[in-house]
Amino acid sequence: DGGITQSPKYLFRKEGQNVTLSCEQNLNHDAMYWYRQDPGQGLRLIYYSQIVNDFQKGDIAEGYSVSREKKESFPLTVTSAQKNPTAFYLCASSSQGGYTGELFFGEGSRLTVL
Amino acid sequence: AQSVTQLDSHVSVSEGTPVLLRCNYSSSYSPSLFWYVQHPNKGLQLLLKYTSAATLVKGINGFEAEFKKSETSFHLTKPSAHMSDAAEYFCVVVPRGGSQGNLIFGKGTKLSVKP
């Protein structure tokens, strides 16, 4: 079945450590996105990529980095520069660059900083 | 600037009673509007969408929403709630002129369904 796979589902990190969240899709979608979700705040865009080897910052990119070396993969690194990284992270993809609003989401990764 | 406001952070209903989740938007043009649903610790799933065709939009699981331009609203309704409807619901507007793919999400409404 086609879909988006995020891993790990749960991750614990000590302060000062970088961590990388994986996102893989087999939907043949060109566009991929990373969102951060905090209770009562909806979703906020971290980074997005319309095509391979290209990506743009979203509203809250500081302290995060991404790469898009393959169409299927869009990993997110949460760096030690991110001051408050504890959150639920959602990866999504779309076939038309988000203009239609139809995003397909993974099941998320919950990061907790100890 | 475009924006979306979900008027209730939490709605509680009894099983079998109607559901109403309210969403207002602000836009200088006729927007595209969406409702997404998120079950606990899961990703979001598209429930329904309005893209300037029929103003009454039907979605999955018996939900529907009506676009009312005069009221700038896009409220989500269901005639009879089921226990499986308990989830968080997000109203979303697609902006024009902003960053590509930067959808504007409301802050969510958590729906509880009592037996």
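Source: prediction; values computed, not measured.

Asks: Any chance you could explain the sheet that holds strand S7 (residues 64-66) of chain A here in plain terms?
Replies: The strands making up a sheet are joined through hydrogen bonds of the backbone, oriented either antiparallel or parallel. Residues and elements named next belong to chain A. What the four strands build is an open sheet, ordered S1-S3-S8-S7; its pairing is antiparallel. Strand pairing shows two members of the sheet lacking a second neighbour, strand S1 (4-7) and S7, which therefore form its edges. Going across the sheet, the axis of each strand differs from the next one's by a mean of 20°, ignoring polarity.

Asks: I keep staring at the interface of chain B and chain A and nothing clicks. Help me out?
Replies: How large an interface is tends to be reported as the accessible area lost when its parts come together. Each side of the interface is counted separately: chain B has 20 residues, and chain A has 26 residues. Note on chain B versus chain A: buried area summed over both sides is about 1,900 Å², and carbon and sulfur give 49% of it. Run the count over chain B and chain A and you get two salt bridges. Between Glu102 of chain A and Lys49 of chain B there is a salt bridge, with the nearest N and O atoms lying 2.2 Å from each other. Seen at the junction of chain B and chain A, the total is six residue pairs in polar contact (both at pLDDT 80 or more). Elements with a contribution of two residues or more to the side of chain B that touches chain A: strand S5 (32-38), strand S6 (44-50) and strand S10 (87-94) of chain B.

Asks: It is not clear to me how the side chain of Ser109 of chain A should be interpreted in this structure. Could you clarify?
Replies: In this structure, Ser109 of chain A sits in strand S11 (residues 109-113). Ignoring sequence-local partners within four residues, the contact set of Ser109 of chain A consists of Gln6, Ser7, Pro8, Lys9, Leu21, Ala87, Phe88 and Tyr89 of chain A.

Asks: Would you mind going over the nonpolar core with me for this structure?
Replies: By size, the foremost hydrophobic cluster in this structure holds 26 residues, and its most contacted members are Leu21, Trp35, Leu48, Phe74, Leu76, Tyr89 and Leu111 of chain B. The element best represented in this core is S10 of chain B, accounting for four residues. Apart from the residues lying within four places of it in its own chain, the contact partners of Phe74 of chain B are Cys23, Leu33, Phe34, Trp35, Leu48, Tyr50, Ala65, Glu66 and Phe67 of chain B. In this structure, Tyr48 and Phe105 of chain A together with Phe34 and Tyr36 of chain B belong to the second largest nonpolar core, which totals 19 residues.

Asks: When you look at the environment of Pro75 of chain A in this model, what are you seeing that I'm missing?
Replies: Residue and element names in this part refer to chain A. Looking at the element boundaries, Pro75 is found in the loop between S7 and strand S8 (76-78). C-alpha of Pro75 to C-alpha of Ala31: the two residues are 44 residues apart in sequence and 13 Å apart in space. When residues no more than four places from it in sequence are discounted, the contact partners of Pro75 are Thr20, Leu21, Trp34, Ser65, Val66 and Ser67.

Asks: Where do I start with the pattern of salt bridges in this structure?
Replies: As a working rule, side chains carrying opposite charge can pair if their charged atoms are close by. If you walk through the whole model with that rule in mind, you get nine salt bridges over all chains. If you follow the salt bridges from partner to partner, you end up with Lys9 and Glu107 of chain A together with Lys42 of chain B in one network.

Asks: Looking at this structure, how should I read the pairing of S6 of chain B?
Replies: For a regular strand, the rule is simple: side chains alternate between the two faces of the sheet. Residues and elements named next belong to chain B. Of the pairings in the sheet, the one linking S5 to S6 comprises six bridges and is antiparallel in character. Looking across to S6, one finds that Trp35 is bridged to Leu48. As consecutive antiparallel partners, S5 and S6 are separated by five residues, and within that stretch Asn41 has a phi angle of approximately 60°, a positive value.

Thresholds applied
- Residues numbered from 1 in each chain as written.
- Chains lettered and ligands numbered in written order.
- Predicted model: local features only at pLDDT ≥ 70, side-chain atom pairs only at ≥ 80, totals over all residues.
- Heavy atoms only, no water.
- Pairing = 2+ DSSP bridges.
- Helix = DSSP H or I, 4+ residues; strand = E, 2+ residues; numbered from the N terminus.
- Axes fitted to C-alpha atoms, helices over the stretch in contact; angles between N-to-C directions.
- Contact = heavy atoms within 4.5 Å.
- Buried area = accessible area lost by both parts, 1.4 Å probe.
- Salt bridge = Lys/Arg side-chain N within 4 Å of Asp/Glu carboxyl O.
- Polar contact = N/O pair within 3.5 Å; in protein donor to acceptor, adjacent residues only side chain to side chain.
- Core = buried A, V, L, I, M, F, W, Y, C linked by side-chain atoms within 4.5 Å.
- Buried < 20%, exposed > 50% of the residue type's maximum accessible area, 1.4 Å probe, protein only.

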